[in-house]
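An overview of the molecular structure
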Amino acid sequence: MPILEVKQLHKSFGALEVLKGMSLNVAEGEVVALIGASGSGKSTLLRCVNRLETPTGGSVVFEGQEVTPQNLNRVRREIGMVFQRFNLFPHLTALQNVTLAPCKVLKIPEEQAKREGMEFLAQVQLAAKAHNYPGELSGGQQQRVAIARALALRPKLLLFDEPTSALDPELVGEVLAVLRQLAHEGRTMVIATHEMGFAREVAHRVIFLDEGVICEEGHPEQVFTNPKEERTKAFLARVLQR
Ligand code: ADP
Ligand code: MG
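Residues numbered from 1 in each chain as written. Chains lettered and ligands numbered in written order. Predicted model: local features only at pLDDT ≥ 70, side-chain atom pairs only at ≥ 80, totals over all residues. Heavy atoms only, no water.

1. Concerning the layout of surface pockets
By volume, the largest pocket is sized at about 570 Å³. Lining the largest pocket are 21 residues, and of these Arg76, Ile79, Met81, Ala101 and Leu153 lie nearest its centre. For the lining of the largest pocket, the secondary-structure elements that each account for two or more residues are α2 (72-78), β6 (79-82), α3 (94-104) and α5 (139-151). Sorting elements by how many residues they give to the lining of the largest pocket places α3 first, with 4 residues. Residues that form the lining of the largest pocket fall into these classes: 12 nonpolar, 5 polar and 4 charged. Considering only enclosed or pocket space, the second largest pocket measures out at about 170 Å³ in volume. Contributing elements (two or more residues each) for the lining of the second largest pocket: α3 and α4 (110-123). Among the elements that line the lining of the second largest pocket, the one with the most residues is α3, at 5 residues. (1 Å grid on protein atoms, 1.4 Å probe; cavity = no way out; pocket = protein on both sides within 12 Å on 5 of 7 lines; lining within 4 Å. Points joined across faces, edges and corners; volume = space filled by probe spheres on them. Helix = DSSP H or I, 4+ residues; strand = E, 2+ residues; numbered from the N terminus. Nonpolar A, V, L, I, M, F, W, Y, C, P; charged D, E, K, R; others polar.)

Next up, the structure:
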């Protein structure tokens, strides 16, 4: 059974139809890269999956259960999301950012949350910055705190929306290294990314979105070296040239 099933998902903003009937499954332990031009619908798809947006049609099934307004909280708890902009609370330390939700949502006692929070920070190589505020951290470090924060809720599925796009080029590598490690741990992840080399190396499957539909999907080697669709070829020619 797939952990996530997206069935004929539609999303419009007013007259603008952004997702035009999108269907995909994600298996447990699978790493899926979403690629596609800016505006193709990657963020909207991810945001519909964890219900930051309400789809206008179709359904999202998580662990065999359709996501509805009644079970949103479970979905938000069990699906972790990391955004392009790190969205850390500026007035909280790295550790406090990580422990906030476990204490509030999972009702984990503070001492335990702190102990575990340190372990999550260690996983992203940031134990030494636990007591620093976001303003004292580089973009790459802030993004790694955001990843630790997502891990702290013990999500069954992790969604990443262009996690390196807001970073200076020299900071991209440290965040990709953390994602690579999570992939090797067998975590289930869907990653919208413009990092084609990373997608090719780490993803089990690549999905190319174009204007709100899945234009092509397949094994990274196939999609990157031998794309079937003209639109995929044109997109890859554009992005790989840079
Ligand atoms: P991508 O992440 O692939 O760049 P998005 O999902 O962000 O694409 O956007 C797809 C389209 O939906 C774009 O045309 C964008 O302008 C539009 N869009 C996204 N969010 C909104 C919104 N809240 N209101 C209106 N239009 C939106
Ligand atoms: Mg986006």
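2. A look at the nonpolar core
Counting 48 residues, the largest nonpolar core has Ile35, Leu121, Val145, Ile147, Phe160, Leu182 and Met189 as the members making the most contacts within it. It is helix α6 (residues 169-184) that contributes the most residues to this core, 8 residues altogether. Counting residues in each nonpolar core, the second largest holds 28 residues, with Val6, Cys48, Val190 and Ala192 among its members. (Core = buried A, V, L, I, M, F, W, Y, C linked by side-chain atoms within 4.5 Å. Buried < 20%, exposed > 50% of the residue type's maximum accessible area, 1.4 Å probe, protein only.)

3. Topic: the sheet that holds strand β1 (residues 4-13)
Note on sheets: strands pair through backbone hydrogen bonds, and any given pair is parallel or antiparallel. With antiparallel pairing, 4 strands are arranged side by side in an open sheet as β2-β1-β4-β5. Each edge of the open sheet is held by one strand with a lone partner, namely β2 (16-26) and β5 (65-66). Examined bridge by bridge, β1 and β2 share 8 bridges and lie antiparallel to one another. Bridge pairing in β2 places lysine 11 opposite leucine 19. Against the sheet, helix α1 (residues 42-49) makes contact with β1, β2 and β4 (57-62), and its axis sits at roughly 120° relative to β1, the strand it touches most. (Pairing = 2+ DSSP bridges. Contact = heavy atoms within 4.5 Å. Axes fitted to C-alpha atoms, helices over the stretch in contact; angles between N-to-C directions.)

4. A short note on the sheet that holds strand β9 (residues 205-210)
In space, the 6 strands of this open sheet follow the order β6-β7-β8-β3-β9-β10, with mixed pairing throughout. With partners counted over all chains shown, the strands left at the sheet margins are β6 and β10 (213-218), one partner each. Strand after strand, the sheet turns through a mean of 20° between neighbouring axes, direction not considered. In this structure, β6 lies alongside strand β7 (residues 157-161), joined through 4 bridges in parallel fashion. In the sheet register, valine 82 faces β7, and the bridge partner there is phenylalanine 160. Lying over the sheet, α1 contacts β3 (31-35), β6, β7, β8 (189-192) and β9, oriented at roughly 150° with respect to β7.

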